Amino acid sequence: MSDLHTETVTYTAGAATLRGFLAKPASAGEKHAGVLIVHEWWGLNDYMRERAHMLADLGYTALAIDMYGDGQVASDPASAGTLMNAALADRAGLEAKFQAGLECLKSQPGVDPQRLAAIGYCFGGAVVLHAARIGLPLAAVVSFHGALGSFHKPAPGSVQAKVLVCHGDADSLVPEADVDAFEHEMEQAMADYRVARYPHALHGFTNREADENGKKYGIPLAYDPDADRHSWDDMRKLFADTIA
């Protein structure tokens, strides 16, 4: 990895204390585009920190944000589901935590507030797509094996971000009906979007721990190195067109 600056950052959303992870190029005096990262249902763990490092290596200031509060991380599917469902049940709180993360990113020295994007994994994919649906000022949004169900129907022309959905064609947790409904929704909203499909890829295809977790907990998860590489390349191309 190149010379990077990393730190844990603490910020708030209402009464919630949030603990994010910041990674950025160490070069001083240069404006960088900013990218938010929203974690899987496990919480802000080492995998999300790794993605922040990878984005910083590409020249972006990356902030992995905390959607659960106090940096909570789940150790098993039961606790992960409890944390995720509580976050999803509090729509106002969910939006406030995302907005607080966005403001924290914008406030970082050297971040260009006109060049902002967000990426998310699984639960985080649903969160960043919701941010696009409600019209937050993001240039690009990328969902990696994220849930596609909608909490909010965007009005025509209201989606400001260019949207990329990276979807495994063998993902049984995100059925084809959900993909069809998402595409119809984006067409109705006149959004600039793309669904990239990766043959044979299951849910969690970017995460090298997916195989172990899938076997351990009986969940249809699997790491797919080809889909991981191609989806990251698809994200890079979108960012080259929008925030580079």
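Each value, and the rule that gives it
- Residues numbered from 1 in each chain as written.
- Predicted model: local features only at pLDDT ≥ 70, side-chain atom pairs only at ≥ 80, totals over all residues.
- Heavy atoms only, no water.
- Core = buried A, V, L, I, M, F, W, Y, C linked by side-chain atoms within 4.5 Å.
- Buried < 20%, exposed > 50% of the residue type's maximum accessible area, 1.4 Å probe, protein only.
- Contact = heavy atoms within 4.5 Å.
- 1 Å grid on protein atoms, 1.4 Å probe; cavity = no way out; pocket = protein on both sides within 12 Å on 5 of 7 lines; lining within 4 Å.
- Points joined across faces, edges and corners; volume = space filled by probe spheres on them.
- Helix = DSSP H or I, 4+ residues; strand = E, 2+ residues; numbered from the N terminus.
- Nonpolar A, V, L, I, M, F, W, Y, C, P; charged D, E, K, R; others polar.
- Expected span 1.5 Å × (residues − 1).
- Arc of directions from axis to C-beta.
- Polar contact = N/O pair within 3.5 Å; in protein donor to acceptor, adjacent residues only side chain to side chain.

*Asks:* How would you explain the nonpolar core if you had to name every residue and give the values?
*Replies:* Judged by nonpolar contacts, the single largest core of 49 residues is most densely connected at Phe98, Leu138 and Phe182. Leave out the neighbours within four places in its chain, and Phe98 touches Leu36, Val38, Ile65, Met67, Ala118, Val127, Val128, Ala131, Leu136 and Leu138. Residues Tyr60, Val142, Ala196 and Met235 belong to the second largest nonpolar core, which totals 33 residues.

*Asks:* Tell me what's going on with the layout of surface pockets, and back it up with residues and numbers.
*Replies:* In this structure, the largest pocket occupies an estimated 440 Å³ of space. What lines the largest pocket is a set of 24 residues, among which Trp41, Cys122, Phe123, Leu173 and His203 lie closest to the centre. Elements supplying a minimum of two residues to the lining of the largest pocket: helix 2 (77-89), helix 4 (123-133) and helix 6 (210-217). Among the residues forming the lining of the largest pocket, the class breakdown is 15 nonpolar, 7 polar and 2 charged.

*Asks:* Tell me about empty space enclosed by the protein, and please be specific about residues and values.
*Replies:* In the structure shown here, the tally under the stated rule is 1 cavity of 30 Å³ or more. There is about 40 Å³ of room inside the largest cavity. Contributing to the lining of the largest cavity are Leu94, Glu95, Phe98, Val127, His130, Ala131, Ile134 and Leu136. For the lining of the largest cavity, the secondary structure elements donating two or more residues are helix 3 (91-106) and helix 4. Here the residues of the lining of the largest cavity sort into 6 nonpolar, 1 polar and 1 charged.

*Asks:* Residues and numbers for helix 7 (residues 225-242), please.
*Replies:* An ideal rise of 1.5 Å per residue puts 26 Å on 18 residues; helix 7 measures up with 26 Å between its terminal C-alpha atoms. All buried positions along helix 7 are accounted for by Ala227, Asp228, Ser231, Trp232, Asp234, Met235, Leu238 and Phe239. One side of helix 7 holds all its buried residues, which, seen down the axis, span an arc of 155°. Across from the buried face of helix 7, at angles greater than 90 degrees, the exposed residues are Lys237 and Asp241. Elements in contact with the buried residues of helix 7: strand 3 (32-38), helix 1 (46-57), strand 5 (111-121), strand 6 (140-144), strand 7 (162-168) and strand 8 (193-198). Its side-chain oxygen at 3.1 Å from the backbone nitrogen of Asp226, Asp224 defines the N-terminal cap of helix 7.

*Asks:* Outline the side chain of Thr206, listing residues and values.
*Replies:* Mapped onto the elements of the fold, Thr206 is located in the loop between strand 8 and helix 6. Its relative accessible area of 1% is what places Thr206 among the buried residues. For Thr206, the residues in contact, after removing those within four places along its chain, are Tyr47, Arg51, Tyr121, Phe144, His145, Tyr223, Asp228 and Ser231.

*Asks:* Go over the environment of Asp57, please, and point to the residues and values.
*Replies:* Note that Asp57 resides in helix 1. Between the C-alpha atoms of Asp57 and Asp3, which are 54 residues apart in sequence, the distance is 8.3 Å.

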